[in-house]
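# Per-entry structural report
The primary structure of each chain is shown beneath.
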Amino acid sequence: MSNPTSGAATLSLVDPRTGRVRGVASPGREEEVGHAVAAARAAWPAWRALTPRERARRLERLAALVEENADAYVARERAGTGKPATEAAGELEQVADLLRFYASAARAQLTPAAGRLVAGHESWVRWEPLGVVGVIVPWNYPLMMAAWRCAPALAAGNVVVAKPAETTPDALALLADHADQALGPGVLQALPGDRTTGRLLVEAAVDMVAFTGSEAAGADVAARAGARRVSLELGGNAPAVVLPDAPEDTWVELARAVTYNAGQSCAAPARVITLRDNYEAAVEHLTRAMAQRVAGRDFGPLNNADQAARYDDLVAASRAKRDVVAAVAPGAGEAGGFWRGARVLADLPDDDPAVVQEVFGPLLTVQWAPDVEAALRMACGVPQALAASVWTRDIGLGLDVAGRLNAGEAWVNCHLVQTAELPHGGRGASGGGTDLSVLALHEYQRPKTITARLALGPARS
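A quick note: this is a predicted structure, and the numbers were derived from the prediction, not measured.

### Re the overall build of the protein chain
Across its full length, the protein chain holds 14 helices and 19 strands. Each principal axis of the C-alpha distribution contributes one length, and for the protein chain these read about 90 × 55 × 40 Å. Looking at the 461 residues of the protein chain, the share that counts as buried comes to 55%. A sequence separation of at least 24 residues applies to 73% of the contacts in the protein chain between residues at least 6 apart.

Given below as structure tokens:
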């Protein structure tokens, strides 16, 4: 068995709760990638030819299969991620909901223009699928991120070849099996593998690539995709602007949000920014709230050894003068896993590595600004621009600050509140794609304008 990053014949699958090998997987190479893409291409005409209603019924059947096999999906998600059962079960509910949402949304047939827009002519716009979509998803939400990408792509009339992260192939493989039953062979396929597999998929004869992952990997995907359409969600480094009149539950809510999934969420709060007058109180309240979140009891481990090492390196490189770590209490037999306690770093410079880089763990930095304008500049002072929040009892001020934050999604007095109806996407180094909502359908479609002249001359005999 080989290291997952070596590109050899097999990948070792490790349980992040224990650090022990739990199985092996064979990564796809040229033959496997070519076969999957060819099978998808063969399945596309029949899938595309279905009416939106017929596709919707099949997607609803897939959603039902997910729910009927919930225990199996949860077990697979937990094996690869170490998530608590409640987190995995909640995400599974969202997967089924997304499939149903897009099954219905695709039937709305949204169009930007139709009618007699030019004298003597009738025009309309058709939204057409792109074809074969290559989807590459990360290890933090293996099944849910796949649903974010695959559900709108399929509902729009495309077929999908989806590559899971090398450490978490389990749940997507089961979804592909159920898709064969509900959607038809070749419509949604899982292609397990490593970075090489992903690069081969991007370079294969796919019509579009939807990628969720790191900024560096996203740049590589875009370069390899060339002129083909690419949808990128490349991570975040979300600020939480906490004003002195923030609600009392602010600290508990931030602690809960940053430790959900062990902080391995692109939209999780990362940087608490408050005002000078409230700084000491903020550090005290946040430290107390984070101490109540216990790794092993309230949230799971980091996903893999590489991520754990990266996290540890960022913490070691930080110049924070205050570093407070909460307890770790893994379950029986799980002491060897990639567990990291909830952490607060305070009294650190603005260019600290833990501030300017996406940490992707259960850690919050705390900074102060002299006023609200300076807090906004600090919040918008990193390359990532995916999500943000503002905390204040003054709803008018909160809405104003939220509107000025450079982020694709901003919350007031909450964080990580998402639903299928609302779009999610980044700016700047966080990418430029759109997930969720009806807007995501157009990520996987292209418009065709058709114009017909109404008055024709007499027919010639």
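### A few points about helix α5 (residues 142-155)
The terminal C-alpha atoms of α5 lie 20 Å apart, and with 14 residues this matches the ideal 20 Å at 1.5 Å per residue to within 8%. Remark: the principal bend of α5, roughly 25°, maps to Trp148, with a proline, Pro152, within the next four residues. Buried residues dominate α5, accounting for 14 of its 14 residues. In the stretch just after α5, Gly157 is the one whose phi turns positive, near 105°.

### Topic: the side chain of Asp194
For Asp194, the position within the fold is in the loop between β7 (188-190) and α7 (195-203). On the basis of relative accessible area, Asp194 is assigned to the buried category, the value being 2%. Looking at Asp194, its side chain comes within polar contact range of the side chain of Arg29, at 2.9 Å. Among the polar contacts listed, one links the side chain of Asp194 to the backbone nitrogen of Thr196, at a separation of 3.2 Å.

### A look at the nonpolar core
One finds Tyr102, Leu154, Val160, Leu183 and Leu188 to be the most contacted residues of the largest nonpolar core, which totals 78 residues. The element that contributes the greatest number of residues to this core is α5, accounting for eleven residues. Contacts of Tyr102, omitting those with residues within four sequence positions, involve Ala151, Pro152, Ala155, Leu436, Ser437, Ala440 and Leu441. Of all hydrophobic cores here, the second largest spans 37 residues; its members include Ala240, Ala246, Ala289 and Ala342.

### A word on the pairing of strand β16 (residues 387-391)
Across the five residues that make up β16, a large majority, five, are buried. Relative to β16, strand β10 (residues 238-242) is paired through three bridges, and the arrangement is parallel. Bridging across to β16, Val241 finds its partner in Val390. Sheet topology places β16 next to strand β17 (residues 409-412); four bridges connect them, and they run parallel. Looking at the pairing, Ala388 lines up with Ala410 of β17.

### Focus on the packing of aromatic side chains
Under the counting rule described, the total for this entry stands at two aromatic pairs. Summarising the aromatic geometry, the rings of Phe101 and Tyr102 are spaced 5.0 Å apart at their centres and angled 85° between planes, so their arrangement reads as edge-to-face. In this structure, Phe101 and Tyr102 share a single accessibility class: buried. Ring geometry for Trp139 against Phe360: centres 5.6 Å apart, planes inclined by 75°, an arrangement best described as edge-to-face.

What counts, and where the lines are drawn
- Residues numbered from 1 in each chain as written.
- Predicted model: local features only at pLDDT ≥ 70, side-chain atom pairs only at ≥ 80, totals over all residues.
- Heavy atoms only, no water.
- Helix = DSSP H or I, 4+ residues; strand = E, 2+ residues; numbered from the N terminus.
- Buried < 20%, exposed > 50% of the residue type's maximum accessible area, 1.4 Å probe, protein only.
- Contact = heavy atoms within 4.5 Å.
- Expected span 1.5 Å × (residues − 1).
- Bend = angle between axes of the 7 residues up to and from the residue.
- Polar contact = N/O pair within 3.5 Å; in protein donor to acceptor, adjacent residues only side chain to side chain.
- Core = buried A, V, L, I, M, F, W, Y, C linked by side-chain atoms within 4.5 Å.
- Pairing = 2+ DSSP bridges.
- Phe/Tyr/Trp six-rings, centres within 6.5 Å; stacked < 30°, edge-to-face > 60°.

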